[in-house]
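Structural overview
Below, each chain spelled out in residue letters.
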Amino acid sequence: MTAEARLAGAILTIDLDAIAANYRLLTAKVAPAECAAVVKADAYGLGLAFAVPALLAAGVTTFFVAHPGEGITLRALAPEAAIGVLNGLLPGAEADYAEYRLIPVLNQLSEVDRWAAHAGERGGPLPAFLHVDTGMNRLGLDAGELARLAAEPERLSGIVLRAVMSHLACADQTGHPITAAQLAAFRAARARLPAAPASLANSSGIFRGAALHFDLVRPGCALYGINPTPETANPMRQTVRLDGRILQVRTVDSPATVGYGATRIDRLPCRIATIAIGYADGYLRSLGNRGCVVIAGREAPVIGRISMDLMTVDVTDLPEESVHPGAWAEIIGPHLTPDAVAHAAGTIGYEILTALGRRYARRAVGDTARDRA
Ligand SMILES: *Cc1c(COP(=O)(O)O)cnc(C)c1O
């Protein structure tokens, strides 16, 4: 065991083969369209340094991040890849994008104009994605801006459009009418713009019919094992496992309470195990008295509130020999997927993954990891 693992309160294990297999499954599903990889928020909490080499080895050539800073970090890991920046072209940062060969997703006309002007100053064309809004009302050209750009296409001169794109609001729900309306709006918008490749689908969109695939798809969550089709069985492989260390075990045999806010212990005697993971590690506070862990294959419910660094679980029904200081509890893993933990917490798997803490010992498994070692 490495010193990092010996000293850790929790170990996060990232399965690089599962990430690669998920990418290949999506690629096969959308061929001949290209499959990009969305790695914003540090590859959805898994860590760019783990996910990116696995994705490159699996064949990714286009990545998307949210912030330009994420793109600069990614550039060091992927010197040749195309890197799209979803949050757009930040004012005054044009030269930084060009220096690190970041491709802005132009979300409004002012960004189009600044990028075209920067191309003019540099004396050579610059690549971009162009985002038209089709119903999110979050980022992307609105109807008025689209009409102006359609009337004045010369505003795009000096810009090489890698793709016209939009983003789906409800693709996680099968047959949602908004998806069909967004597809129609996207087709209409494309018809008004100079010819360019197109990109619409996120992870869930990939599973809602080939009409959504166009030339480039942009999956994020499915790469990391979140179910893109929540109403049916998960086609993706789990990519993370989180184990938390048991620090102490106690038996309570007279009326008492546990943790902050003094949750009353209803069933006596009660055995309580304290685990070295808390909300500061991304184990959401909403899981207090609601979540559960698995120890030696048996479920143990969370009892009491989640503290910053600690959580307490009821191990009364577990064999005594499996619960002792130094033993490990599965917090996320084969029995407790991020989607299942999210359900207990009243949120979505994306939030469970992107909240994964900074204090874990992180290690990679899989052939991809061995190849690198
Ligand atoms: C985050 C994001 C994606 C990836 O979405 P998933 O649901 O994680 O697949 C794709 N496109 C845009 C614009 C995004 O913001």
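Conventions we followed
- Residues numbered from 1 in each chain as written.
- Predicted model: local features only at pLDDT ≥ 70, side-chain atom pairs only at ≥ 80, totals over all residues.
- Heavy atoms only, no water.
- 1 Å grid on protein atoms, 1.4 Å probe; cavity = no way out; pocket = protein on both sides within 12 Å on 5 of 7 lines; lining within 4 Å.
- Points joined across faces, edges and corners; volume = space filled by probe spheres on them.
- Helix = DSSP H or I, 4+ residues; strand = E, 2+ residues; numbered from the N terminus.
- Near = heavy atom within 4 Å.
- Polar contact = N/O pair within 3.5 Å; in protein donor to acceptor, adjacent residues only side chain to side chain.
- Sits in = over half its atoms within 2 Å of the grid points.
- Nonpolar A, V, L, I, M, F, W, Y, C, P; charged D, E, K, R; others polar.
- Core = buried A, V, L, I, M, F, W, Y, C linked by side-chain atoms within 4.5 Å.
- Buried < 20%, exposed > 50% of the residue type's maximum accessible area, 1.4 Å probe, protein only.
- Contact = heavy atoms within 4.5 Å.
- Expected span 1.5 Å × (residues − 1).

1. Some details on the layout of surface pockets
Here the largest pocket defines a volume of roughly 820 Å³. The wall of the largest pocket is formed by 36 residues, among which Tyr44, His167, Asn202, Cys221 and Tyr350 lie closest to the centre. Those elements giving two or more residues to the lining of the largest pocket turn out to be helix H3 (40-44), helix H10 (203-206), helix H11 (338-345) and helix H12 (349-354). No other element matches the 3 residues that H11 contributes to the lining of the largest pocket.

2. Digging into the site of the ligand
Around the ligand there are 13 residues in total, and Lys40, Tyr44, Ser203, Cys221 and Tyr350 lie nearest to it. Residue His167 places a side-chain N or O atom 3.4 Å away from a nitrogen atom belonging to the ligand. The side chain of Arg218 places a nitrogen or oxygen atom 3.0 Å from a nitrogen atom of the ligand. Of the pockets mapped on this structure, the ligand occupies the largest pocket. Split by residue class, the shell around the ligand holds 6 nonpolar, 4 polar and 3 charged.

3. Re the nonpolar core
Counting residues in hydrophobic clusters, the biggest one holds 116 residues, and the most contacted among them are Val39, Leu55, Phe63, Tyr224, Ile295, Met311 and Val313. Counting residues per element, this core draws most heavily on helix H4 (residues 48-58), at 7 residues. Those residues within four positions of Leu55 in sequence are excluded, and the remaining contacts are Ile19, Tyr23, Ala37, Val39, Val60, Phe63, Leu223 and Tyr224. Grouped together as the second largest cluster of nonpolar side chains are 6 residues, Val258, Ile265, Ile272 and Ile303 included.

4. Notes on helix H7 (residues 109-122)
Over its 14 residues, H7 extends 20 Å from the first C-alpha to the last, a length consistent with the 20 Å expected when each residue adds 1.5 Å. Within the span of H7, buried status applies to Leu109, Glu111, Val112, Trp115, Ala116, His118 and Ala119. If you follow the buried residues of H7, they end up packed against helix H6 (94-99), strand S6 (102-106), strand S7 (126-131), helix H8 (143-151) and strand S8 (159-165). Phi turns positive one or two residues past the end of H7, at Gly123, with a value near 75°.

Nothing here speaks to function; it is all geometry.
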